[in-house]
Amino acid sequence: MRASYLFTTSAALGLLSRTTLAEEVKLPAPVLEWSFYVLLIFALVVAIGIFFRAGKNRKDESLSSLLEQKRQTVHSVGPDISVTECVRLMNEQEIGAMLVMENNQLLGIFTERDAITKVLGTGLEPSYTKVRAVMSLNPICITPSTTLNEAMAIVSNQRIRHLPVVEDGKVLGMVSSGDLTHWLVKDQSGEIQELVDIAGRSGESR
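Not measured: the values here are computed from a predicted model.

(A) Examining the overall build of the protein more closely. The number of helices and strands found in the protein is nine helices and six strands. A total of 206 residues make up the protein; the buried ones form 34% of that total. Counting contacts in the protein only where the partners sit at least 6 residues apart, residues at least 24 apart contribute 62% of the total. For the protein, the accessible surface area stands at approximately 12300 Å², while carbon and sulfur atoms represent 55% of it.

Right, here's the structure in full:
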């Protein structure tokens, strides 16, 4: 998809050269100027349309590719760890949530929101409060076959930021709303820059 629309756009922009137009069509300069910008706008509209269609296709992809790219370690703590220690570990790993597990079984999830609303917001002492007392029970989980579109719908509708990934009872990791957004746009941002560069080179050649 990427190669095809970049090739199409590049070819279209290449045809916009004044020299090419002047050689094949004997038109006054003002007409050539007007034709150049019309064709340029048309090429960009086509490129943008293909760009958004590619985004829709990516939303139908499963999260298995995302998990392979992240190759993440399952960050977890036991239920009897203190909130203070759990938050310290979260800061070390630079993550916004920690899975709470016991005997390889997922019990819940402890998030930054839990720390604010359930601990600080209620006046609990984090050093003496165990994670099991303030974690979010029965977190919504997804599987590697869940599509990007489905995961984004869950995040939006349930107003949550972290989704544990579980398959056949085994915890494989966790994805965040930031992971989903980054995965959706990371390739397309590079493609847009290439289109801008192509347009710039075309303008310089006039």
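(B) Examining the sheet that holds strand β1 (residues 76-77) more closely. Sheet architecture is open: four strands sit in the order β1-β2-β3-β4, paired in mixed fashion. Each of the sheet's edge strands pairs with one partner strand only, and the pair in question is β1 and β4 (136-137). Two elements, β1 and strand β2 (residues 97-102), share two bridges in a ladder whose sense is parallel. Bridge pairing in β2 places Ser76 opposite Leu99. Along the sheet, helix α5 (residues 83-93) makes contact with β1, β2 and β3 (105-111), crossing β3 at roughly 80°. The sheet contacts of helix α6 (residues 112-119) involve β3 and β4, and relative to β3 the element is tilted by about 70°.

(C) Representation of α6. Those residues of α6 that fall on the buried side of the exposure criterion are Asp114, Ala115 and Val119. Taken around the axis of α6, the buried residues stretch over an arc of 100°, which confines them to a single face. Looking at the buried residues of α6, the elements they touch are α5, β3, α7 (131-134) and β4.

(D) Highlighting the pattern of salt bridges. All chains considered together, the criterion is met by six salt bridges. In this structure, Asp80 engages Arg132 in a salt bridge whose closest nitrogen and oxygen atoms are separated by 2.8 Å. A residue pair is termed long-range when its members are at least 10 positions apart, and Asp80 in the loop between β1 and α5 and Arg132 in helix α7 qualify at 52 residues. We classify Arg132 as partly exposed; its relative accessible area is 40%. One network of salt bridges, with partners in common, ties together Asp80, Lys130 and Arg132.

Reading the values: the criteria
- Residues numbered from 1 in each chain as written.
- Predicted model: local features only at pLDDT ≥ 70, side-chain atom pairs only at ≥ 80, totals over all residues.
- Heavy atoms only, no water.
- Helix = DSSP H or I, 4+ residues; strand = E, 2+ residues; numbered from the N terminus.
- Buried < 20%, exposed > 50% of the residue type's maximum accessible area, 1.4 Å probe, protein only.
- Contact = heavy atoms within 4.5 Å.
- Areas by Shrake-Rupley, 256 points an atom, 1.4 Å probe, with all protein chains shown as cover.
- Pairing = 2+ DSSP bridges.
- Axes fitted to C-alpha atoms, helices over the stretch in contact; angles between N-to-C directions.
- Arc of directions from axis to C-beta.
- Salt bridge = Lys/Arg side-chain N within 4 Å of Asp/Glu carboxyl O.

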